[in-house]
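Results of the structural survey
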Amino acid sequence: MSKFEYLRLADAIAAEIAGGALKPGDRLPPQRSFAYERKIAVSTASRVYTELLRRGLVVGEVGRGTFISGDARGSIAPSPEAHGARIDMEFNYPLLPQQAAMIAKSLQGLERPDALEAALRQPTTTGTPAARQVSAAFLARENWSPSAEQIVFTANGRQCIAAALAALVPPGGRCGVEALTYPFIKGIAARLGVTLVPLAMDEHGVRPDAVQKAHREAHLSSLYLQPTIQNPLGITMPAARRTDLLRVVEKLDLTIIEDTVYGFLDDEPPLAALSPDRCIVLDSLSKKVAPGLALGFIVSPLRLREIIMASVRSGGWTASGYAFAAGQRLMGDGTVSELTRLKRIDAARRQQMAAKLLAGFEIQANAKAYHLWLTLPPHWRSQTFVAAAARRDIALTPSTTFAVAPGHAPNAVRLALGAPTLEQLETGLRALSGILIAKEEDFDATE
């Protein structure tokens, strides 16, 4: 066999993974069986498996078996589509049983010809004056009230990130981010030609000295941070850390892209309340309402508003007129505020359930959040644990998905608690508890 033949076989399996024929958690046959089926030498089969391991498409080791990785899609960021697992703890879109009826009531009348005609007009980055006024009032928090003139709209939160990053960081430039961060910014940055620089964290969030060090070594153009209910760690930055961080940011003349998508679960105002000219605040309706009714908000300092608007236009990230109309109704009549109140209660209940069912394991959790961080026992590795959970129809996210620097992911997984029903969540948490305490010999073995 040609020395390149094993690469062609590895490519063929990679294509099966990409096409969905092989799914996360699926088990590959033992290498001898694979060699027999493919009519190749066992040594060649070993090279195929080694190549798949190198690409991150499979996980496993001798005595345990080889499984399709929970991060097998091989992209910089995860797919926005769920795997179809029975219990989805991978994607965090909290949906309440009663919210469809609440939304339907709010949107009554939008199907009328006069209302629909306005909703179907060509959208703009700034929407209508009424939409800006309603949005500014809705986004306001204690000690922070953005003006309507600061609001720029996109179709969703990811587009907010892309527009802000494109506006502030030139191609080839560098942006400082938390060492463990929202995965989709990795893909966005790669497409924009932006290098992400990981910033060291502690229990209070990003360390100010880490920002200074990174800027000194890499000359940052901006920072992307989640100071309130950070994803994936759930950290909410305390007041003293916020003050120290902003002092460094002002000294270095940097601007913070502040992602507050989970801020609705907490009363903490954004960093912009302390330094309005240094922070671009990003938010959306996807978590508060539903991903199918997303509308993104960029609250920009007036000095950056024009460049942000130009970035949204050039990227094609303008929201639809229907999204403006629906969002304006939902915010204006109090529906989103009521959904926020109910989701805060729901998130707290789910955290209490998780704390009870995962008692005895090492978890990092915010009692207000819809996710938690689970550090694994030494006998489990992140990717292998995700694969084992997938075999039980539970989708999780491995730590490697959140790590900015390859090879520096802790041995942990993130559990998203918002998507399953309460019954599914209880079942899933009990199953994970059982997997965590299982020993290697409890799992199927292959050579």
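For clarity, every value in this text was computed on a predicted model and none was experimentally measured.

1. As for the sheet that holds strand S5 (residues 174-178)
Here 7 strands make up an open sheet; going across it, the order is S4-S12-S11-S10-S9-S5-S6 and the pairing mixed. Because the sheet does not close on itself, it has two edges, and the strands there are strand S4 (151-154) and strand S6 (195-199). The sheet shows a mean angle of 25° between the axes of neighbouring strands, direction not considered. In this sheet, strand S12 (residues 296-299) lies alongside strand S11 (residues 279-284) in antiparallel orientation, the contact comprising 4 bridges. Residue pairing across strands places Ser284 opposite Gly296, the latter belonging to S12. This element, helix H6 (residues 129-139), spans S4, S11 and S12 of the sheet and lies at about 100° to S4.

2. Here we look at H6
Every buried residue of H6 is accounted for by Ala131, Arg132, Ser135, Ala136, Phe138 and Leu139. The buried residues of H6 occupy an angular sector of 165° when the element is viewed end-on, so they sit on one face. Turned more than 90 degrees away from the buried face of H6, the exposed residues are Pro129, Gln133 and Ala137. Buried-residue contacts for H6 involve S4, S11, S12, helix H12 (321-332) and helix H13 (335-357).

3. Side note on the pairing of S11
Of all 6 residues in S11, 6 are buried; the element is thus mostly enclosed. Burial along S11 is two-sided: the residues Cys279, Val281 and Asp283 and Ile280, Leu282 and Ser284 are all buried. Sheet analysis places strand S10 (residues 256-259) next to S11, joined by 4 bridges and oriented parallel. Note on S11: the bridge partner recorded for Asp259 is Leu282.

4. A closer look at the side chain of Asp259
You can see Asp259 is positioned in strand S10. Look at Asp259: it is buried, it has no salt bridge, and the nearest opposite charge is Lys288 at 8.5 Å. Within the structure, Asp259 has its side chain in polar contact with the backbone nitrogen of Val261 (distance 3.1 Å). When neighbours within four sequence positions are excluded, Asp259 is seen to be in contact with Ile161, Tyr224, Leu225, Gln226, Pro227 and Leu282.

What counts and how
- Residues numbered from 1 in each chain as written.
- Predicted model: local features only at pLDDT ≥ 70, side-chain atom pairs only at ≥ 80, totals over all residues.
- Heavy atoms only, no water.
- Pairing = 2+ DSSP bridges.
- Helix = DSSP H or I, 4+ residues; strand = E, 2+ residues; numbered from the N terminus.
- Axes fitted to C-alpha atoms, helices over the stretch in contact; angles between N-to-C directions.
- Contact = heavy atoms within 4.5 Å.
- Buried < 20%, exposed > 50% of the residue type's maximum accessible area, 1.4 Å probe, protein only.
- Arc of directions from axis to C-beta.
- Lys, Arg positive; Asp, Glu negative; His and termini not counted.
- Salt bridge = Lys/Arg side-chain N within 4 Å of Asp/Glu carboxyl O.
- Polar contact = N/O pair within 3.5 Å; in protein donor to acceptor, adjacent residues only side chain to side chain.

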